[in-house]
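Summary of structural features
Chain by chain, the residues run as shown.
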Amino acid sequence: MIRHGLLLGLMMWLAGCATAIDGARYQATEPAFDLFEFFDGSVKAWGLVQGRDGELIQRFEVAIEGSIEGDQLTLDETFTYGFGEGVESRVWTITRRADGSYSGRAGDVSGEARGRSYGNAFHWQYAMDIPVRGQMLEVKFSDWFWALDEQRLMNRSYLQKFGFDVAEVTIFMERQE
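Everything quoted here is computed from the prediction, not taken from an experiment. (Residues numbered from 1 in each chain as written. Predicted model: local features only at pLDDT ≥ 70, side-chain atom pairs only at ≥ 80, totals over all residues. Heavy atoms only, no water.)

Quick word on the overall build of the protein
Counting its secondary structure elements, the protein contains two helices and ten strands. Counting across all 177 residues of the protein, residues that qualify as buried make up 36%. By sequence separation, contacts in the protein at least 24 residues apart represent 38% of the contacts at least 6 residues apart. For the protein, the exposed surface amounts to about 10600 Å²; the carbon and sulfur share of it is 53%. (Helix = DSSP H or I, 4+ residues; strand = E, 2+ residues; numbered from the N terminus. Buried < 20%, exposed > 50% of the residue type's maximum accessible area, 1.4 Å probe, protein only. Contact = heavy atoms within 4.5 Å. Areas by Shrake-Rupley, 256 points an atom, 1.4 Å probe, with all protein chains shown as cover.)

Laid out in structure tokens, this is it:
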């Protein structure tokens, strides 16, 4: 009986080691964020990746070119690194579904990404293999975008493995006119 109690306690503690944000809390928050509207055209982004201990792993810039055809958004991303190394380019193909959710794919993403809007927030989830100490490690990404206004947004990504946050990405994005 004590063993089951310890196991239950350990499971509850582990569940608390990953960031979990309630999107419904942002449903009425302005300005409303429209993924397709924001990324239709050129967007410039600046970001950094921090390890679990807060140390800087990467600093980068991203040039994003977005185009829409029907219910499909294509994002062509080109990365430049000021510190660290990483992918040089990524192309996302994102589909707006009839129920208001989104699905997407990119060459380095495992399977299908899923997303949903909540007022000024947008939640995007997917899995990706990333290089760690000479090996490829699959981690889950939980991206949260928050619109600051019609031209700018912030993105916080939580990288998780075995239910733990292992790294965080912070990105500032601005539409280019």
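Side note on the packing of aromatic side chains
Inspection of the entire model under this criterion finds 17 aromatic pairs. Judged by centre distance (5.0 Å) and plane angle (80 degrees), the rings of Phe38 and Phe39 are edge-to-face. For the pair formed by Phe38 and Phe39, the shared burial category is buried. Aromatic side chains Tyr102 and Phe122 sit 5.4 Å apart centroid to centroid with 75 degrees between the ring planes, which places their arrangement in the edge-to-face category. With a gap of 20 residues between them, Tyr102 in strand β5 (residues 102-106) and Phe122 in strand β7 (residues 121-132) connect regions that are remote in the sequence. (Phe/Tyr/Trp six-rings, centres within 6.5 Å; stacked < 30°, edge-to-face > 60°.)

Structural notes on the environment of Ala113
For Ala113, the location among the structural elements is in strand β6 (residues 109-118). The spatial distance from the C-alpha of Ala113 to the C-alpha of Gln125 is 5.5 Å, given a sequence separation of twelve residues. When sequence neighbours within four positions are dropped, the list of residues in contact with Ala113 reads Trp92, Tyr102, Ser103, Gly104, Trp124, Gln125 and Tyr126.

Some remarks on the nonpolar core
By size, the foremost hydrophobic cluster in this structure holds 35 residues, and its most contacted members are Leu35, Phe39, Trp92, Ile94, Trp124 and Met173. With five residues, β7 is the single largest residue contributor to this core. With residues near it in sequence (within four places) discarded, Met173 still touches Phe38, Phe39, Val43, Lys44, Ala45, Phe145, Gln151, Arg152, Leu153 and Asn155. Counting five residues, the second-largest nonpolar core is a separate cluster that includes Tyr118, Ala121, Trp144 and Trp146. (Core = buried A, V, L, I, M, F, W, Y, C linked by side-chain atoms within 4.5 Å.)

A few points about the pairing of strand β2 (residues 56-69)
In terms of strand pairing, strand β1 (residues 41-51) meets β2 through ten bridges, oriented antiparallel. Paired with Lys44 across the two strands is Ala63, which belongs to β2. Of the strand pairs in this sheet, β2 and strand β3 (residues 72-83) are connected by eleven bridges, and their pairing is antiparallel. The residue bridging Gly66 from the neighbouring strand is Leu75, located in β3. Where β2 folds back onto β3 in an antiparallel hairpin, the turn is made up of two residues, including Gly70, whose phi is positive at roughly 65 degrees. (Pairing = 2+ DSSP bridges.)

Brief notes about unusual backbone geometry
In the Ramachandran plot, Phe162 falls in the positive-phi region, its phi being about 55 degrees despite a non-glycine side chain. Here Phe162 is to be found in the loop between β9 (152-161) and β10 (164-176). Judged by relative accessible area, Phe162 falls into the exposed class, the value being 70%.

Here we look at the pairing of strand β4 (residues 89-96)
Pairing analysis gives seven bridges linking β3 to β4, with the strands arranged antiparallel. When the sheet's bridge partners are listed, Asp76 is paired in β4 with Val91. Between the antiparallel neighbours β3 and β4 lie five residues, among them Gly84 with a positive phi of about 85 degrees. Counted along the chain from β4 to the antiparallel partner β5, the turn is five residues long, and its residue Gly100 has a positive phi close to 90 degrees.

So, the pattern of salt bridges
Under the defined criterion, the tally for this structure stands at nine salt bridges. A salt bridge links Arg152 to Asp149; the nearest nitrogen and oxygen atoms lie 2.8 Å apart. As a salt-bridge pair, Arg152 and Glu174 come within 3.2 Å of each other at their nearest N and O atoms. In this pair, Arg152 sits in strand β9 while Glu174 sits in strand β10, placing the two residues 22 residues apart along the sequence. Of the residues examined, Arg152 reaches a relative accessible area of 30% and is grouped as partly exposed. Using a relative accessible area of 23% as the deciding quantity, one classes Glu174 as partly exposed. (Salt bridge = Lys/Arg side-chain N within 4 Å of Asp/Glu carboxyl O.)

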